[in-house]
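Listed below, chain by chain, are the residues.
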Amino acid sequence: MNLKSLNINQRKAVEKIGGPILVFAGAGSGKTRVLTYKIAYLISEVGILPENILAVTFTNKAAQEMKSRVSQLVSSEISGISIGTFHSISAHILRRDINLLGYNRDFTIYDQQDSKALVKNVIKKLNLDIKQFDPKSMQIRISNAKNQLHSMKYIEDSIENYTDKKFHQIYSEYQNELKLNNSVDFDDLLLLPIEIFKNNPEKLNYYQSKYKYVLVDEYQDTNKPQFEFVHLISSIHKDIFVVGDDDQSIYGWRGADISNILNFQEAFGQSEIYKLEQNYRSTKNILEAAWSVVSKNTHRSEKKLWTDNNDGEKLDIIAGFDERDEAKKILDKIVSNKYKLNESSILYRTNSQSRAIEDELRKSGIAYHIVGGVKFYERKEIKDLICYLRVIVNSDDSISLDRIINFPPRGLGVSTVSKINEFREKNNMSFFASIQDCSNIGIPDKQLNTINDFNKLINKYRKQSLNEKGSQILDNLLNDIKLKDYYYSQKTDEALNRWENIQEFLSSIVEYESNNPNSTLASFLEEVSLLTDIDKWNDSNDAITLMTVHSAKGLEFDCVYISGLEDGLFPIVRYLEDTDIEEERRLFYVALTRSKKKVVLSYAKSRRKFGSDPILSVKSRFIDDIPEDLIYEKIVDKSNFYNNKVNIFSKLSKPMNNNIKVGNLVEHKIFGKGKVLYIDGQGENSKLTIKFYNNVTKKLILKYAKLKLLKDTYEK
DNA sequence: GGCGTTTTCATTTGT
DNA sequence: TGAAAACGCC
C-alpha cells in the first residue's frame, strides 16, 4: 500500500501494529486521513477482515465518509466493517442482545423530550411537588449520574438531604418505568451494553473476538461509559487506536472526560503516542490567532501546531449596533468577499442567535441552510406521527401512547387519561395493556367506546406492520385518522405548513426504504432518533451554512464568520460558578481552526434576548486575546445612528440608582440578603443573578428589583 | 369533561 | 419567540 502521501508521524502511526496507540492530532493535521489509512492498512497489509474492525466516529456522516474512503483505498468489499457513532453501534448491539436484560428487541429510544416527560410522570406518581422538583433539572441530574457511571447503590449511599433522597427515588422509579415501557434513554444506549458485558462473560467474549481491532475518533470527547465500552472490548488483545486533541474537547458538560485522553497510557498500559503537529488546513495568521487563545489554558498537553502554508489574510472584526446590524454587516462582508457561499459558514454559540442572521439573509436573497436548532423530527406534527409508529412497533411505550391517545382530538381528555393512569399504576402495567381492559374503572360509555375504537386502530396497524412497509402503514394511518382534514380545517398558514412537513416526512420514509431494502419500521425509527442535522448536511448547494460551533466540529471552510462575540454569550455565562472558561476557550479555538483562509469576528453592542428591550453588551474577552497585528480591519459602528441610539440608552439608564457590581452584597425586600453572582448587560435593564442566603438563586432586572447595596466590596 | 385561548416563563452547547 | 401551564368557555 502506498503511504507516500503521509508525513513521517502520520505514517508511523499507521504502520505501528500491536498494542494501544494514542495519536494527538491537532486541528487540521490530517486526522481523518490517518484513520482512513490506518483502517485500509489493517485490511490490505495486516490482513485483518473488515468484520473484525470496529471504528467509532463522532457523527454518522463522518462514519459514512470514512467507509467510502476506506473502500476506495482497499479496492475490496468492506461492507462487513462496523463504523458508526457510539450510540448507533450500541443500539445495534442492543437490538441483538437486549433480551438478556429483560427488555425486548422492539425497544423505543427516548430522546431528552421523552425522558423529561417520563421524569415528570414519575414525579407526579411519587406525589412530589412539580415546582420543587423540576422535571428538566431532575432529568439532567439523572443523565449526569449515568454519564458518571454512578450506580444506584452509590447514589443511595451518598444521600445527604431530603432532595438527594427524593432524587434517588425519582431516578430509581424512572428506571423502572423505562423498563416497563420497554424503552431506553440516550444514556442507557451506552450503559446497557456494558451491563450485558458484565453479566454475560460469553457475550463480552464474543465481541472481544469479533472486534479484533478498535479505533476511536475524537477521543477527547468520550465519556466514562464510552471509555468503559472500548476498554472492555479491547482489554484482551489491546489493539486499540485512538485519535484526539485535548484542545478540542468541548463536550465536558455532557460528561466527556478529558482525562480519558490525558491518562490513556495509565488506562491501557504500555502504549505508543504520536503527535501530529503540522497543520495543512489554515493560514499562519489563523493558527497564530488560535494559538494566542488556547495557549492561555492551563490543563492541556504540551504541543504547538505549525504550518507551511503562507501568512494569508488577517482577521477582520465587525461590530454592529445590535444583532440585526451585526447580521447586516456580516452580509456586506459575504457579498464583497471572494469566497464562495458553500465554502463559507457563520458560526454562533447558541442556536437562538441564528434568527437575526436568517432574517437578514432572507431579505437580501442570499441562499443559506441551517444545521441544528429545532430538528425536523422534533417538530410537533412529525413527533406525533413518530409516536404513532413507535406505539405500533412497541406497544409498551407509554410516553408515546400518551401523546397520541387524544391526537387528533377524539374526546379522551385529562380526566379519562388520569383514570387510566391510576388504574395502570395500581397494577403496574403498561398504558396499552390497561386500555385493553378498562371497562370497570368509572369511565363513561362515550369515552369507553372511543377507547375501544382507538384500541382497534392500533391493533390493526400492529398486525399490518408484520408484513407491510412502514411507508404504507403511515399512508394508511394518515387517512384513517383524517389528519389532512384536521390541519386543513384550521385554515391557518401554520397548519398548512405542518401538513406539508408531514408530506415531507412521508417521502423521507419512502426514501429510507429504497436506500435500505431490508429495513423495518423499527430500524427507521432508530435511524430517526440517532440521526442529527449534520448527518444530512452537504455543502454541494451554493449556499452558506449557519450552525453552532459545536456542530462545526470536524468541518472546514474557506471563510468562517464567528458571530456574537460578547462577554456572557461567547464565552457564555449563566452562573459564575459553573462556567468552564477553559472549555469556552477551546470552543473558540475550534471555531477559529475551522477556517482555511479567512476569519471574520463579529459582535453586537446591544442584543435583544427573546424579543425584550436591547441590553448593552461588551465585546468578548476572546477578541482582546488576539494580537493587534493579526487584525486587518475593524468595522466599528461610528455612525450617528449608533450614537443617537446610545443617547437613548443613556437617557434610559439615568435613573439608575446604584452601581451594583459582581460580588456585592445586596438586600431585596422579599428575598433578603444575597450576593451578586453575575450581571447580564448594562444599565437599568441589566439582569442580575443573585444568590440569596436561603440558597435560592434568582435573576432580577435591575430597574424593578429595588435592591439595596449593603457592602461595596468584592468577595472572592 | 373537553377544548380553544391567554398567560407565563424560560434559553448553552447535543447524542 | 415559542412551548407549556393556567384559565375560562361550551
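Definitions and cut-offs
Residues numbered from 1 in each chain as written. Chains lettered and ligands numbered in written order. Predicted model: local features only at pLDDT ≥ 70, side-chain atom pairs only at ≥ 80, totals over all residues. Heavy atoms only, no water. Axes fitted to C-alpha atoms, helices over the stretch in contact; angles between N-to-C directions. Helix = DSSP H or I, 4+ residues; strand = E, 2+ residues; numbered from the N terminus. Left-handed = near helix turned anticlockwise from the far one by under 90°. Contact = heavy atoms within 4.5 Å. Nonpolar A, V, L, I, M, F, W, Y, C, P; charged D, E, K, R; others polar. Near = heavy atom within 4 Å. Polar contact = N/O pair within 3.5 Å; in protein donor to acceptor, adjacent residues only side chain to side chain. Core = buried A, V, L, I, M, F, W, Y, C linked by side-chain atoms within 4.5 Å. Buried < 20%, exposed > 50% of the residue type's maximum accessible area, 1.4 Å probe, protein only. Patch = residues over 30% accessible without salt bridge, like charges linked within 9 Å, V, L, I, M, F, W, Y side chains within 5 Å. Areas by Shrake-Rupley, 256 points an atom, 1.4 Å probe, with all protein chains shown as cover. Salt bridge = Lys/Arg side-chain N within 4 Å of Asp/Glu carboxyl O. Lys, Arg positive; Asp, Glu negative; His and termini not counted. Charge placed at Lys NZ, Arg CZ, Asp CG, Glu CD. Pairing = 2+ DSSP bridges. Expected span 1.5 Å × (residues − 1). Phe/Tyr/Trp six-rings, centres within 6.5 Å; stacked < 30°, edge-to-face > 60°. Parallel < 35°, antiparallel > 145°, perpendicular 65-115°, else oblique.

Caption draft 1: Fine view of the packing of helix α17 (residues 380-393) against helix α22 (residues 470-480). Two elements in contact, α17 and α22, have axes whose closest approach is 11 Å; the angle formed by their N-to-C orientations is 115 degrees. Classified by chirality, the crossing of α22 by α17 is right-handed. For the pair α17 and α22, the contacting residues are L385, Y388, L389 and I392 in the first and I473, L474, L477 and L478 in the second. Considered class by class, the residues forming the contact of α17 with α22 number eight nonpolar, no polar and no charged.

Caption draft 2: Quick peek at the protein's contact with DNA strand C. Lining the immediate surroundings of DNA strand C are K120, K131, R355 and F610. In DNA strand C, the atoms that sit within 4 Å of the protein are 67% sugar and phosphate, with bases accounting for the remainder. One of the side-chain nitrogen or oxygen atoms of R355 is found 3.5 Å away from a sugar or linking oxygen of DNA strand C. Partitioned by chemical class, the residues of the surface near DNA strand C number one nonpolar, no polar and three charged.

Caption draft 3: Examining the nonpolar core more closely. L483 and F505 are the most contacted members of the largest nonpolar core, which has 48 residues in total. Of all the elements, α17 adds the most residues to this core, at nine residues. A256, L287, I562 and Y603 belong to the second-largest nonpolar core, a separate cluster that totals 41 residues.

Caption draft 4: Just the protein's contact with DNA strand B, in detail. Around DNA strand B sit 27 residues in total, of which R349, T416, T548, R574 and F610 are the nearest. Near-protein atoms of DNA strand B (within 4 Å) split between backbone and bases, with sugar and phosphate holding 55%. A distance of 3.0 Å separates a phosphate oxygen of DNA strand B from a polar side-chain atom of K136. One of the backbone nitrogen or oxygen atoms of G413 is found 2.9 Å away from a phosphate oxygen of DNA strand B. Elements with a contribution of two residues or more to the surface near DNA strand B: α19 (414-427) and α27 (549-552). It is α19 that contributes the most residues to the surface near DNA strand B, four residues altogether. For the surface near DNA strand B, the per-class residue count stands at eight nonpolar, 13 polar and six charged.

Caption draft 5: Examining a positive patch on the surface more closely. On the surface, K116, K120, K124, K136 and R574 cluster together into a positively charged patch. With three residues, the top contributor of residues to the positive patch is helix α5 (residues 112-125). Structurally, the position occupied by K120 is in helix α5. Judged by its relative accessible area of 36%, K120 is partly exposed.

Caption draft 6: Expanded view of the sheet that holds strand β1 (residues 21-25). Taking strand neighbours across the sheet as the criterion, the six strands line up as β3-β2-β6-β7-β1-β8 in an open arrangement whose pairing is parallel. Edge positions in the open sheet fall to β3 (82-84) and β8 (272-276), since each of these has one partner strand only. Strand-to-strand twist across the sheet, computed as the mean angle between neighbouring axes with direction ignored, equals 10 degrees. Relative to β8, β1 is paired through five bridges, and the arrangement is parallel. Across the sheet, the residue bridging to F24 is K275, located in β8.

Caption draft 7: Fine view of the sheet that holds strand β10 (residues 344-348). Strand order across the open sheet formed by seven strands is β11-β12-β10-β13-β14-β9-β17, with parallel pairing between neighbours. Pairing within the sheet leaves two strands with one partner each, and these edge strands are β11 (368-370) and β17 (631-635). Adjacent strand axes in the sheet meet at a mean angle of 20 degrees when their direction is disregarded. Note: strand β13 (residues 557-562) against strand β14 (residues 595-604), five bridges, orientation parallel. Its bridge partner lying in β14, C559 is registered against K598. Packing of helix α14 (residues 284-294) onto the sheet brings it into contact with β9 (315-320) and β14, and relative to β14 it is tilted by some 50 degrees.

Caption draft 8: Highlighting helix α21 (residues 445-464). Between its terminal C-alpha atoms α21 stretches 29 Å, which fits the 28 Å expected from 20 residues at 1.5 Å a residue. Turning to α21, its buried residues number three or more, namely Q447, L448, T450, I451, F454, N455, L457, I458, Y461 and Q464. Against the buried residues of α21 lie α17, α18 (398-404), α19, α20 (431-436) and α22.

Caption draft 9: Representation of the pairing of strand β12 (residues 544-548). Taking burial as the measure, the five residues of β12 include five buried ones, the bulk of the element. What you see with β12 is no split at all: I544, L546 and T548 on one side and T545 and M547 on the other are buried throughout. By the bridge criterion, four bridges tie β10 to β12 in an arrangement that is parallel. Across the sheet, residue L347 finds its bridge partner in β12, namely M547.

Caption draft 10: Quick peek at unusual backbone geometry. Note that the residue after F407, namely P408, is joined by a cis bond; omega there is -10 degrees. For P408, the position within the fold is in the loop between α18 and α19. In this structure, the amide linkage connecting F570 to the following residue, P571, adopts the cis form with an omega of 10 degrees. Assignment of secondary structure puts P571 in the loop between β13 and α28 (581-592). Located in the positive-phi region is L149, a residue other than glycine, with phi close to 60 degrees. With respect to the helices, strands and loops of the structure, L149 is situated in the loop between α6 (135-147) and α7 (152-157).

Caption draft 11: Up close: the pairing of β13. Along β13, six of the six residues are buried, which leaves the element largely enclosed by surrounding structure. Pairing of β10 with β13, which is carried by four bridges, proceeds in the parallel orientation. What sits directly across from S344, in β13, is C559.

Caption draft 12: Up close: the packing of aromatic side chains. Tallied over the entire structure, the rule returns 21 aromatic pairs. Look at F197 and Y207: their rings are 5.6 Å apart centre to centre, the planes differ by 50 degrees, and that puts the pair in the tilted class. Taken together, the positions of F197 in helix α9 (residues 186-199) and Y207 in helix α10 (residues 201-210) put the pair ten residues apart, joining distant regions of the chain. Y207 matches F197 in its accessibility class, with the two residues each being buried. Taken together, a centroid distance of 5.0 Å and an interplanar angle of 70 degrees make the contact between Y486 and Y487 edge-to-face. Take Y486: its relative accessible area is 25%, and that puts it in the partly exposed class. Taken together through their ring pairs, the aromatic side chains of F86, F197, Y206, Y207, Y211 and F229 make up a single cluster.

Caption draft 13: Structural detail: the pattern of salt bridges. Tallying each qualifying case throughout the model produces 48 salt bridges. For K61, the salt bridge goes to E65, with nearest N and O atoms at 3.5 Å. In this pair, K61 and E65 both sit in helix α3 (residues 60-74), four residues apart, roughly one turn of the helix. The exposure class assigned to K61 is buried, which follows from its relative accessible area of 15%. Note that R324 is salt-bridged to D359, the shortest N-O span being 3.5 Å. Residue R324 is found in helix α15 (residues 323-336), and its partner D359 is found in helix α16 (residues 354-364); the two are separated by 35 residues along the sequence.

Caption draft 14: Structural context of the packing of helix α4 (residues 86-97) against helix α11 (residues 224-234). It is at 12 Å that the axes of α4 and α11 come closest, and there the two elements cross at 60 degrees. Here α4 lies oblique to α11, going by the angle between them. α11 is crossed by α4, and the crossing has left-handed handedness. Contact residues: F86, H87, I89, S90 and I93 in α4; Q226, F229 and V230 in α11. Across the contact of α4 with α11, the residue classes break down as five nonpolar, three polar and no charged.

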